[in-house]
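The lines below spell out each chain.
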Amino acid sequence: DASCDAGPGLSVCRLAPAMDGQLLDGHTFGPAHLLGLARALFGHVAESYLLSLPAENLDFGETLSPETARAAKRALAFLDRRLTAWHAHTGRGAP
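If you're wondering where the values come from, they're calculated on a predicted model, not measured in any experiment. (Residues numbered from 1 in each chain as written. Predicted model: local features only at pLDDT ≥ 70, side-chain atom pairs only at ≥ 80, totals over all residues. Heavy atoms only, no water.)

Caption draft 1: Structural view of the environment of L34. Residue placement: L34 occurs in helix α1 (residues 31-42). L34 sits 16 residues away from A18 along the chain, and the two C-alpha atoms are 7.8 Å apart. (Helix = DSSP H or I, 4+ residues; strand = E, 2+ residues; numbered from the N terminus.)

What follows is the structure, given as structure tokens:
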């Protein structure tokens, strides 16, 4: 499966590079397009994933909603576990 569930309110999916002729438009140019551009420029891309958090309000502001703040803490814990496991698996020491 190309995706996994990181916990309530979080989603993680593996990204594949996209090159569909999409112009550099901030409203439609997404992470997969950025990977496609990197592959076109450099000939390769690293294995890539997208970690998504819930958002209640996308207006300008200085704070996160309570739900998003909780999800951000879960995301950091998830990433810490994944990176610690990766470092243990590769033998590259502590992250």
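Caption draft 2: Highlighting helix α2 (residues 66-90). With 25 residues, α2 should reach 36 Å at 1.5 Å per residue; the first-to-last C-alpha distance of 36 Å fits that figure. Packing partners of the buried residues in α2 comprise β2 (11-15) and β3 (48-52). G91, located one to two residues past α2, shows a positive phi value of around 70°. (Expected span 1.5 Å × (residues − 1). Contact = heavy atoms within 4.5 Å.)

Caption draft 3: Examining the layout of surface pockets more closely. Of the volumes computed, that of the largest pocket is approximately 330 Å³. What lines the largest pocket is V12, E47, Y49, L50, L51, F78, L79, R82, L83 and W86. Of all the elements, α2 adds the most residues to the lining of the largest pocket, at five residues. Per-class residue counts for the lining of the largest pocket are eight nonpolar, no polar and two charged. Reported here for the second largest pocket is a volume of approximately 190 Å³. Forming the boundary of the second largest pocket are A55, E56, N57, L58, D59, F60, G61, E62, T63, L64, S65 and T68. Residues of the lining of the second largest pocket, tallied by class, amount to four nonpolar, five polar and three charged. (1 Å grid on protein atoms, 1.4 Å probe; cavity = no way out; pocket = protein on both sides within 12 Å on 5 of 7 lines; lining within 4 Å. Points joined across faces, edges and corners; volume = space filled by probe spheres on them. Nonpolar A, V, L, I, M, F, W, Y, C, P; charged D, E, K, R; others polar.)

Caption draft 4: Examining the environment of D20 more closely. Among the secondary structure elements, D20 is positioned in the loop between β2 and α1. What makes D20 exposed here is its relative accessible area of 52%. Spatially, the C-alpha atom of D20 lies 8.1 Å from that of H33, the residues being 13 residues apart in sequence. (Buried < 20%, exposed > 50% of the residue type's maximum accessible area, 1.4 Å probe, protein only.)

Caption draft 5: View of the confidence of the model for the protein chain. Here the protein chain shows a mean pLDDT of 78. Residues at 70 or above account for 80%. Mean pLDDT across the secondary structure elements of the protein chain bottoms out at strand β1 (residues 3-4), with 39, and peaks at α1, with 90. The low-confidence segment residues 1-6 (pLDDT under 50) makes nine contacts with residues lying over four places distant or belonging to another chain. (pLDDT = per-residue confidence, 0-100.)

Caption draft 6: Fine view of α1. Along its 12 residues, α1 runs 16 Å from first to last C-alpha, staying within 8% of the 16 Å computed at 1.5 Å per residue. Every buried residue of α1 is listed here: H33, L35 and G36. For α1, the angular spread of the buried residues around the axis is 155°, confining them to a single face. Facing away from the buried side of α1, by more than 90 degrees, are the exposed residues L34, L41 and F42. Tucked into the core, α1 has its buried residues touching β2 and β3. (Arc of directions from axis to C-beta.)

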